[in-house]
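# Coordinate analysis (summary)
As a plain string of letters, each chain reads:
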Amino acid sequence: MITKSIPNLFTIGNLFLGVLSIILAFNDRADGAALLVIIAMLLDGLDGRVARALNVQSEFGKELDSLSDVISFGVAPAFIMYQAAFSTDVSEALAWIVTAIFPICGALRLARFNVIEGIPGYFIGLPIPAAGGVLATLALFSQDLNVYLLLLATLALSFLMVSSIKYPNFKKLGLPRAAVWAVPLVVAAAVFLAFLFPRAIPRVILGLLLLYAIWGLKKNVDTLVSRRRKKRSRDENPRSKHSA
């Protein structure tokens, strides 16, 4: 019974950090809020791997994970960005609408993930933890970036989540059962580093997540261009034969 509950503890920790992140955001502590989202990403990446390592996957855990992700990577990052940039620099209506669109698209992305069988080795649409991680860390640079660029970035991330663009799925990188008991040490070390380097860690995470988001987009554009070239080549071949 205790073994079956271990993955859910990671998921609940993810949800707990998401709620704390929202509280920090509304207390004008965007740096701390973004760090909590990053740590929540780590817990989110571990809960499924721990469940598979212990062979205790369940529908309950799957649904709990989705509900937690909506809060930690949908609502929390949207509020962080709202408090950091949108609440003072743009009209209220526009700020409210863009802020609401992000978690709504995240919820739609998760609902689709739960009911539609994906492509092996790929996610369909940008995963909400990646989108939320980008938004939360991007909010830390609200003083350096134009607010309308941040609005466009929020809408772009929202679109990528509900798009049909394929992104690599790293779930195959499993966790050996023997290593499960070292996971708390990894989490503790990550928390220590996050608060030891509160400015550097978000920058590194933002860079990695942006590369992931852009790489998936580029791969799909390359695939689309390749298909169009092949189609054009097939269309031209019959014409060449007819002319001959």
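Remember, it's a predicted structure, so these values are computed and weren't measured experimentally. All residue numbers here refer to positions counted from 1 along the written sequence of the relevant chain. Owing to the predicted nature of the model, reporting of local features is limited to residues with pLDDT of at least 70; listing and counting of side-chain atom pairs is limited to 80 or more, with chain, interface and lining totals taken over all residues. Neither water nor hydrogens contribute to the side-chain values; these are computed over all heavy atoms in the structure.

### Examining the overall build of the chain
Heads up, the condition is: In this text, helices come from DSSP runs of H or I with a minimum length of four residues, and strands from runs of E with a minimum of two, each type numbered from the N-terminal end. In what follows, a contact means two residues having at least one pair of non-hydrogen atoms within 4.5 Å. Using the Shrake-Rupley algorithm and a 1.4 Å probe, accessible areas are obtained, with residue cover drawn only from the displayed protein chains. The sign given to each residue is positive for Lys and Arg and negative for Asp and Glu; His and the chain ends receive no count. Charge positions are represented by NZ for Lys, CZ for Arg, CG for Asp and CD for Glu.
Looking only at helices and strands, the chain features eight helices and two strands. When contacts within the chain are restricted to residue pairs at least 6 apart in sequence, those whose partners lie at least 24 apart make up 85%. Carbon together with sulfur atoms contributes 67% to the accessible area of the chain, which is approximately 13800 Å² in total. Considering the chain, the positive charge centre built from 24 side chains and the negative charge centre built from 15 side chains are found 13 Å apart.

### Overview of helix α4 (residues 92-115)
Heads up, the condition is: Expected helix span is computed as 1.5 Å times (number of residues minus one). Each residue gets one of three labels from its accessible area relative to the maximum for its type: buried under 20%, exposed over 50%, partly exposed in between, using a 1.4 Å probe on protein chains only.
In this model α4 runs 35 Å from its N-terminal to its C-terminal C-alpha over 24 residues, within 8% of the 34 Å that 1.5 Å per residue would give. Among the residues of α4, Ala95, Val98, Thr99, Phe102, Pro103, Cys105, Gly106, Arg109, Leu110 and Asn114 are the ones counted as buried. In this fold, the buried residues of α4 make contact with α3 (59-89), β1 (122-124), α5 (128-138) and α6 (147-162).

### Section: the nonpolar core
Test applied: Residues grouped as a nonpolar core are buried Ala, Val, Leu, Ile, Met, Phe, Trp, Tyr and Cys residues, joined through side-chain atoms within 4.5 Å.
If you look at the biggest cluster of nonpolar residues, it comprises 65 residues, and the most contacted ones within it are Phe10, Ile80, Met81, Phe86 and Leu126. Elements supplying a minimum of two residues to this core: α1 (2-26), α2 (30-54), α3, α4, α5, α6, α7 (183-196) and α8 (200-243). When residues of this core are assigned to their parent elements, the largest contribution, 14 residues, is made by α2. Contacts of Met81, omitting those with residues within four sequence positions, involve Phe86, Leu135, Leu138, Ala139, Leu150 and Thr154.

### Notes on the packing of aromatic side chains
The cut-off we apply is this: Centres within 6.5 Å make a pair out of two Phe, Tyr or Trp rings, where for Trp the six-membered ring is used; the pair is then stacked when the planes are under 30 degrees apart, edge-to-face when over 60, and tilted otherwise.
Evaluation of the coordinates by the stated rule reveals three aromatic pairs. On the numbers, 6.2 Å between centres and 55° between planes, the contact of Phe113 with Phe123 is tilted. With Phe113 in helix α4 and Phe123 in strand β1, this residue pair connects regions lying 10 residues apart in the sequence. Phe113 gets classed as partly exposed once you look at its relative accessible area, which sits at 34%.

### Some points on the packing of α2 against α7
Put simply, the rule is: Only the contacting stretch of a helix is used when fitting its axis, a line to C-alpha atoms as for every element, and angles between N-to-C directions run 0 to 180 degrees. With respect to orientation, any angle under 35 degrees is reported as roughly parallel, any angle over 145 as roughly antiparallel, any angle of 65 to 115 as roughly perpendicular, and every other angle as oblique. Note: crossing handedness is left-handed where the near helix turns anticlockwise from the far helix by less than a right angle, and right-handed where it turns clockwise. The nonpolar class holds Ala, Val, Leu, Ile, Met, Phe, Trp, Tyr, Cys and Pro. Asp, Glu, Lys and Arg form the charged class, and all remaining residues, Gly among them, are polar.
Put simply, α2 and α7 touch, their axes get as near as 10 Å, and they point 165° apart. Classed by the angle they form, the pair α2 and α7 counts as roughly antiparallel. The handedness of the crossing between α2 and α7 comes out as right-handed. Of the residues in α7, those in contact with Leu35, Leu36, Ile39, Leu42, Leu43, Leu46 and Val50 of α2 are Val183, Val186, Val187, Ala190, Val191, Ala194 and Phe195. In terms of residue class, the contact of α2 with α7 is made up of 14 nonpolar, no polar and no charged.

### A look at the packing of α1 against α2
The geometry of α1 relative to α2 is characterised by a closest axis approach of 8 Å and an angle of 170° between their N-to-C directions. One finds that α1 runs roughly antiparallel with respect to α2. Considering how the two elements wind past one another, α1 and α2 form a crossing that is left-handed. Residues of the contact of α1 with α2, tallied by class, amount to 17 nonpolar, six polar and two charged.

### A word on the side chain of Asp69
Inspection of the secondary structure assignment puts Asp69 in helix α3. For Asp69, a relative accessible area of 3% puts it in the buried group. Ignoring any residue separated from it by four or fewer positions in sequence, one finds Asp69 in contact with Asn14, Asp44, Gly74, Leu110, Ile128 and Pro129.

### Side note on a nonpolar patch on the surface
Basically, it comes down to this: Patch membership needs two things, relative accessible area over 30% and no salt bridge, and members are linked within 9 Å if like-charged or within 5 Å if nonpolar (Val, Leu, Ile, Met, Phe, Trp, Tyr). Any carboxyl oxygen of Asp or Glu within 4 Å of a side-chain nitrogen of Lys or Arg constitutes a salt bridge here.
Residues Ile104, Leu108, Phe159 and Val162 make up a contiguous nonpolar surface patch of about 380 Å² in total accessible area. Listing elements by their share of the nonpolar patch, those giving two or more residues are α4 and α6. Considering the arrangement of structural elements, one finds Leu108 in helix α4. When its relative accessible area of 52% is taken as the criterion, Leu108 is described as exposed.

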